[in-house]
Amino acid sequence: MRKKIEEVHQYIQENKAIVNQTFKPEKHFSAEIGWINDPNGCVFFRGEYHLFYQFYPYDSVWGPMHWGHAKTKDFVNWDHLPVALAPDMPYDKDGCFSGSAIVKDDTLWLMYTGNVVNEDGTVVQIQNMAYSKDGIHFEKIAENPVATGRILPKELVAADFRDPKLFEKNGRYYAVVAAKHQDEIGTVVLLGSDNLIDWNFESIFLKGEAHQGFMWECPDFFELDGQAFITVSPMRYQRTDEDFINLNSTVTIAGQVDWDKKVFVQTSVSELDHGHDFYAPQSLLDDKGQRITIAWMHNWGRTVVPHELKHGWACNMTLPRILHKSGEKLRQQVPDAVLASFPELHVGDELDAIGRLDLDIDQDIVLRLGDDSDYIEFGYQAGSVFIDRSHQKLEITGEEEWPINRRSVTVDAQHLQIFFDKNSVEIFVNHGQESLTSAIYLQGKKILQQV
Ligand code: FRU
């Protein structure tokens, strides 16, 4: 094993027992210790699903990024594996940033961004490759970096060039990568390769509009039932009355690709999740050809309760969601095995750690989870499904200059399916037509009651 990876491994084994489990989720993926953010490298490899993730094991705050690694057969039970990548080369010395995975000739390949901070403080972001024959130990290739800002057109900012998502199309490999336009506009560029080692710039795949954020982090591209989709997480998407209220949002962009010109022609944009904490989703294809996505359940610029409480860990992933095309939007469905792992809960029950509530609704309903002085509220009111954490005692604040306690989505709701874990609530409206995902931290008894 490489030196830094060995050191991390030893540190995790020696220190994971001190992590305070009070709010640590039972059914949502979290690391054994330390800070995590984006899911990376989601892939099906030799009968198992691999999840890599942005990882700083040494503290419960963001730091020089490693790639944590875990695998699962069913998305319910996860095995932690040794860290896959550590920032130990000149081309990734200040962090192995987000990226993705693909399987070629029974070898697992990773493409990731090397973050390099120069002595004068300027930043360089470059793309690198690593591979593994056994799905556990990864070798960074001698050719790294495989793509630098020099291949980008002048109108793009080379210092903001990150988060490659790999895919294969018509026998060629591609990566959609986030790049900032010099006009402070988010863009997605397309890189192409025949062998995963030699990469060239293909096109500006999609350029946003001024109100759609200055940097589009973690783009994902896929086709579903003949419809092309990009999901992307724009920084500072301009808010409307109800949507894009978080400083950084996650959006679904529907369209079609003109493969001759290699451009994505967009037809609509919508917010993918309407809660407080859903960012940087990444998808994979499962063994049945279903597209499954998973996101980071947090948002930049927010306080992190387990860190403030010195619990030794911070952040987790959302539940995985099977994506279905629904017009130009994405309907999200929690896989059956995951659903079955949550015990049913009813109004009036006390929530122990995890539970699932299924509710048919034909009128407004407001529900409360918690005790008299420490609770969250959610439900359906005046045509919107909402979640409100303003009465949670452990307050979560953000860099937003507007109130963020309440999030909502306007929808004609007939059914709510709600998943609770020790630190989260995920609401699926009308079988995944809309979703609201939020982290919650309640300290008292968690009674579910109707208000
Ligand atoms: C998104 C992000 C990515 C970057 C990574 C760094 O949450 O900012 O753009 O690669 O996190 O940890």
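The rules we used
- Residues numbered from 1 in each chain as written.
- Predicted model: local features only at pLDDT ≥ 70, side-chain atom pairs only at ≥ 80, totals over all residues.
- Heavy atoms only, no water.
- UniProt positions renumbered as here; feature names shortened; annotations may be inferred.
- Pairing = 2+ DSSP bridges.
- Helix = DSSP H or I, 4+ residues; strand = E, 2+ residues; numbered from the N terminus.
- Axes fitted to C-alpha atoms, helices over the stretch in contact; angles between N-to-C directions.
- Disulfide = S-S within 2.5 Å.
- Buried < 20%, exposed > 50% of the residue type's maximum accessible area, 1.4 Å probe, protein only.
- Near = heavy atom within 4 Å.
- Polar contact = N/O pair within 3.5 Å; in protein donor to acceptor, adjacent residues only side chain to side chain.
- Areas by Shrake-Rupley, 256 points an atom, 1.4 Å probe, with all protein chains shown as cover.
- 1 Å grid on protein atoms, 1.4 Å probe; cavity = no way out; pocket = protein on both sides within 12 Å on 5 of 7 lines; lining within 4 Å.
- Sits in = over half its atoms within 2 Å of the grid points.
- Expected span 1.5 Å × (residues − 1).
- Arc of directions from axis to C-beta.
- Contact = heavy atoms within 4.5 Å.
- Domains from an automatic or database assignment.
- Buried area = accessible area lost by both parts, 1.4 Å probe.
- Salt bridge = Lys/Arg side-chain N within 4 Å of Asp/Glu carboxyl O.

- The protein chain is annotated in an unreviewed UniProt entry as Sucrose-6-phosphate hydrolase from Streptococcus varani.
- What the UniProt record of the protein chain gives under Function (unreviewed entry) is the line "Enables the bacterium to metabolize sucrose as a sole carbon source."

1. Describing the sheet that holds strand β15 (residues 251-258)
No. 1: Ordered in space as β13-β14-β15-β16, the 4 strands form an open sheet in which the pairing is antiparallel. Both outer strands of the open sheet, β13 (215-224) and β16 (263-271), are each paired with one neighbouring strand and no more. The average undirected angle you get between the axes of adjacent strands in this sheet is 25°.
No. 2: Bridge count between strand β14 (residues 227-235) and β15: 5 bridges; the pairing is antiparallel. In the strand pairing of β15, Val 232 is matched with Val 251.

2. A short note on the state of the cysteines
No. 1: Throughout the structure, instances matching the rule amount to 0 disulfides.
No. 2: No disulfide involves Cys 42; its sulfur sits 11 Å from that of Cys 218, the nearest cysteine.
No. 3: With relative accessibility at 6%, the residue Cys 42 sits in the buried group.
No. 4: The thiol of Cys 96 is unpaired, and the distance to the nearest cysteine sulfur, on Cys 218, comes to 15 Å.
No. 5: The buried category is assigned to Cys 96, whose relative accessible area is 0%.

3. Quick look at the sheet that holds strand β20 (residues 321-326)
No. 1: An order of β17-β18-β20-β21 is seen for the 4 strands of this open sheet, with the pairing classed as antiparallel. The open sheet has two edge strands, β17 (279-285) and β21 (329-333), and neither has a second partner. The sheet shows a mean angle of 40° between the axes of neighbouring strands, direction not considered.
No. 2: Pairing between β20 and β21: 5 bridges, direction antiparallel. Pairing of Lys 325 across the sheet is with Leu 330, part of β21.

4. Quick notes on the pairing of strand β1 (residues 34-45)
No. 1: For β1, the buried fraction is high: 11 of the 12 residues fall into the buried class.
No. 2: Looking at chain direction, β1 and strand β19 (residues 313-314) are connected through 2 bridges and run parallel. Looking across to β19, one finds that Gly 34 is bridged to Trp 313.
No. 3: Note that β1 and strand β2 (residues 48-56) share 7 bridges and pair antiparallel. Within the sheet, the bridge partner assigned to Ile 36 lies in β2 and is Phe 55.
No. 4: The loop that links β1 with its antiparallel partner β2 comprises 2 residues; one of these, Arg 46, has a positive phi angle of about 50°.

5. Structural notes on the site of the ligand
No. 1: As a matter of local geometry, the ligand sits amid Asn 37, Asp 38, Gln 54, Trp 62, Met 65, Phe 97, Ser 98, Arg 162, Asp 163, Glu 217, Tyr 279 and Trp 300.
No. 2: In this structure, Asn 37 approaches the ligand through a side-chain N or O atom, which is 3.0 Å from an oxygen atom.
No. 3: For the ligand, an oxygen atom lies 2.7 Å from a polar atom in the side chain of Gln 54.
No. 4: Protein chains bury 95% of the 320 Å² of accessible surface belonging to the ligand in isolation.
No. 5: With respect to the detected pockets, the ligand is housed in the second largest pocket.
No. 6: When contributions to the shell around the ligand are tallied by element, the ones reaching two or more residues are β1, β5 (96-104) and β9 (156-169).

6. Brief notes about the UniProt feature "domain: Glycosyl hydrolase family 32 C-terminal" (unreviewed entry) in the protein chain
No. 1: In this structure's numbering, the residues bearing the UniProt feature "domain: Glycosyl hydrolase family 32 C-terminal" (unreviewed entry) are residues 371-441.
No. 2: For residues 371-441, the end-to-end C-alpha separation is 12 Å, with 0% helix and 54% strand making up the annotated structure.

7. Regarding helix α1 (residues 3-15)
No. 1: In this model, α1 (13 residues) spans 18 Å end to end at C-alpha, consistent with the 18 Å of a helix rising 1.5 Å per residue.
No. 2: Within α1, the full set of buried residues consists of Ile 5, Val 8, Ile 12 and Asn 15. An end-on view of α1 places all buried positions within 115° of arc, on one side of the element. In this structure, α1 carries Lys 3 and Glu 14 as exposed residues pointing more than 90 degrees from its buried face.
No. 3: Of the surrounding secondary structure, the elements contacted by the buried residues of α1 are β2, β3 (66-72) and β4 (78-85).

8. Re the domain arrangement of the protein chain
No. 1: Domain boundaries assigned for the protein chain yield domain 1 (2-333) and domain 2 (342-450).
No. 2: Averaged C-alpha coordinates put domain 1 and domain 2 at centres separated by 27 Å.
No. 3: The interface is formed by 40 residues belonging to domain 1 together with 41 residues belonging to domain 2.
No. 4: With both chains or domains summed, domain 1 and domain 2 bury close to 3,500 Å², and 50% of this area falls on carbon and sulfur atoms.
No. 5: The tally of links from domain 1 across to domain 2 stands at 5 salt bridges.
No. 6: We note a salt bridge from Glu 271 to Arg 407, for which the minimum N-O separation is 3.1 Å.

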